[in-house]
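# Architecture and fold: a report
Now for the letters of each chain:
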Amino acid sequence: MKIAILTSGILPVPAVQGGAVETLVDFYLDYNNRHQLHDITVYSIPPQIPLWMKIKRKWYSLTHRGGYYHPTIEYFLHETLKDIRRRHYDIIILENRPGYALRLKEVTDTPLVYHLHNDLLNSETENAQEIYDAASSIITVSDFIHHRIQTINPKDTKTITVLNGIDLHKFTTGRRQTPKAGQPFTLIFMGRIIPEKGIEQLIDAMLQLQYSDIHLIVAGGSFYANSTPDAFSQRLREKSEPIKNRIQFTGYITHETLHDYLQQADAAVLPSMWDEPFGLTCVEAMAAGLPLITTRSGGIPEICEGVAILVERDNIVDNLVKAILDLYEHPEKRQQMSEASLERSKLFDKDTYARNFFKALEP
């Protein structure tokens, strides 16, 4: 098939600036190239925005009001539509941008496939029914997202769940299983440093834990490859001042260096405070053989039910303290959870994900 991929309009593909969606696109593009399956065209912003494009984008934002998304995304779509008008594709895949369909239907009759990584299409979405009807099929990253689509049409039959994948080989090499005498019990949080990820609640739990040998690594930046601390990140650092000898902020790190930090950890704590659609960091932690503490939110239970400690978001700080102490005091439980994590992670290999993704595109 001749396939067009419309990316988010925010980050580039290839994923040279990070981004979970962009990395997942890279995975299935690589699989397609190795297996020579389809003729694929990718529409993406460039890694470096040239001055002339910034000027045109600004002019577009000033002369076009009332778009579905942010003006810079609308400009990306505007330029993309110019090219799509001149070409023929068998299907067009919208990566996490179902609202694109409203404009695409004005210029093409090509079947549209939505690949939804977030809760972007439900009964409360603007123009929900029109956007739903415009899709020939919908691929979701979890049953949680699928159920949200069913709030538009309870009898929905056009949606299929394809679970995400990761590059297991980047995470599954050896690491220490238990702290040696004199070494701290080290927790790791990884992900964007934003309120929704629960990092502030985890720091509050660390402030309650008066144990000099319980340490925390905070691995991530405020916005993907941008490591400049924002106001929220700065507040976290100030709040952490009383335990500064037990907490390390790494700033943004690449996947290539993340493994170095995972090797130092004895458990991962990922206390998402929103309805996480999938939870890639949970899979990465499991693939590294780490016991996992996370929240019962969104699609996370689908990923790690039975192998992780799932805490409720109500009274979250106290729940985190109890879960951390449970692992701290029971090394045998950590070992059992480590083995279970490694086994569970095998379900999320990137090639399995890519194969299932392309199978979902079949008529």
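Quick look at the structure, then. For clarity, every value in this text was computed on a predicted model and none was experimentally measured.

Rules of the game
The residue numbers shown here count from 1 along each chain, following its written sequence. Given that this is a predicted model, residues contribute local features only at a pLDDT of at least 70 and side-chain atom pairs are listed and counted only at 80 or more, while totals for whole chains, interfaces and linings are drawn from all residues. With hydrogens and water stripped out, all remaining heavy atoms of the structure feed into the side-chain values. Two strands are said to pair when DSSP picks up at least two bridges between them. Labels follow the DSSP assignment, with helices taken as runs of H or I lasting at least four residues and strands as runs of E lasting at least two, numbered in each case from the N terminus. Note on method: axes are straight lines fitted to C-alpha atoms, helices fitted across the in-contact stretch only, with angles between N-to-C directions ranging 0 to 180 degrees. We call two residues contacting when some pair of their heavy atoms lies within 4.5 Å. With a 1 Å grid laid over protein atoms only, a set of points is called a cavity when a 1.4 Å probe fits there but cannot get out and a pocket when it is open yet has protein on both sides within 12 Å along at least five of seven lines; lining residues have an atom within 4 Å of a point. Grid points are joined across faces, edges and corners, and a volume is the space filled by probe spheres set on the points. Under the grouping applied here, Gly and all other residues not named as nonpolar or charged are polar, the nonpolar ones being Ala, Val, Leu, Ile, Met, Phe, Trp, Tyr, Cys and Pro and the charged ones Asp, Glu, Lys and Arg. By this rule the span expected of a helix is its residue count minus one, scaled by 1.5 Å. The classification of residues rests on relative accessible area computed with a 1.4 Å probe and restricted to protein chains. Under 20% of the type maximum is buried, over 50% is exposed, and intermediate values are partly exposed. Nonpolar cores were defined as sets of buried Ala, Val, Leu, Ile, Met, Phe, Trp, Tyr and Cys residues, with membership established by side-chain atoms within 4.5 Å. Think of it like this: strands point away, you trace from the first strand over the helix to the second, and a clockwise trace means the crossover is right-handed. Only the six-membered ring of Trp is used, alongside the rings of Phe and Tyr, when aromatic pairs are assigned; centres must lie within 6.5 Å, and planes under 30 degrees apart are stacked while those over 60 apart are edge-to-face, with the rest tilted.

Before going further, it helps to examine the sheet that holds strand β10 (residues 267-270). Pairing is parallel in the open sheet, where six strands are placed in the order β9-β8-β7-β10-β11-β12. The sheet is open, and its two borders are formed by β9 (247-251) and β12 (309-311), each paired with just one other strand. Across this sheet, the average inter-strand angle for adjacent strands is 20 degrees, counted without regard to direction. Two elements, β10 and strand β11 (residues 292-295), share three bridges in a ladder whose sense is parallel. Paired with V269 across the two strands is I293, which belongs to β11. Each of β7 (185-190), β8 (214-219) and β9 is contacted by helix α9 (residues 255-264), which is oriented at about 150 degrees to β7, the strand it contacts most.

This part is about the layout of surface pockets. Put simply, the second largest pocket is a space of about 350 Å³. Lining the second largest pocket are 18 residues, and of these I45, P46, I49, M53 and R57 lie nearest its centre. At the level of elements, α2 (51-63) and α3 (71-84) are the ones that each hand at least two residues to the lining of the second largest pocket. No other element matches α3, which puts five residues into the lining of the second largest pocket. Grouping the constituent residues of the lining of the second largest pocket by class yields 10 nonpolar, six polar and two charged.

Between the first and last C-alpha of α3 there are 20 Å, a value that for 14 residues agrees with the 20 Å anticipated at 1.5 Å per step. Every buried residue of α3 is accounted for by I73, E74, Y75, F76, L77, T80, L81, D83 and I84. Packed against the buried residues of α3 are β1 (2-6), β2 (39-43), α2, β3 (91-95) and α4 (100-104).

Moving on, we come to the nonpolar core. Core analysis: the largest hydrophobic core is formed by 114 residues, its most contacted members being L6 and Y114. Per-element tally for this core: the top contributor is helix α12 (residues 316-329), with eight residues.

So, on to the pairing of β7. Within β7, six of the six residues are buried, which leaves it mostly tucked inside the rest of the structure. Residues of β7 alternate between two faces, with F185, L187 and F189 on one and T186, I188 and M190 on the opposite face, all of them buried. As defined by bridge partners, β7 adjoins β8 across six bridges and the pair is classed as parallel. Its bridge partner being in β8, F189 is matched across the sheet by V218. At this point the chain moves from β7, through helix α7 (residues 199-208), to the parallel β8, and the crossover so formed is right-handed.

This part is about the packing of aromatic side chains. Two aromatic rings are characterised by how far apart their centres lie and by the angle between their planes. Considering all chains together, one arrives at 13 aromatic pairs under this definition. For the ring pair Y69 and Y100, a centre distance of 5.7 Å and an interplane angle of 85 degrees mean the geometry is edge-to-face. Of the two residues, Y69 is situated in the loop between α2 and α3 and Y100 in helix α4; the sequence distance between them amounts to 31 residues. An aromatic cluster is defined as three or more aromatic residues linked by ring pairs; in this entry it consists of Y28, Y31, Y353, F357 and F358.

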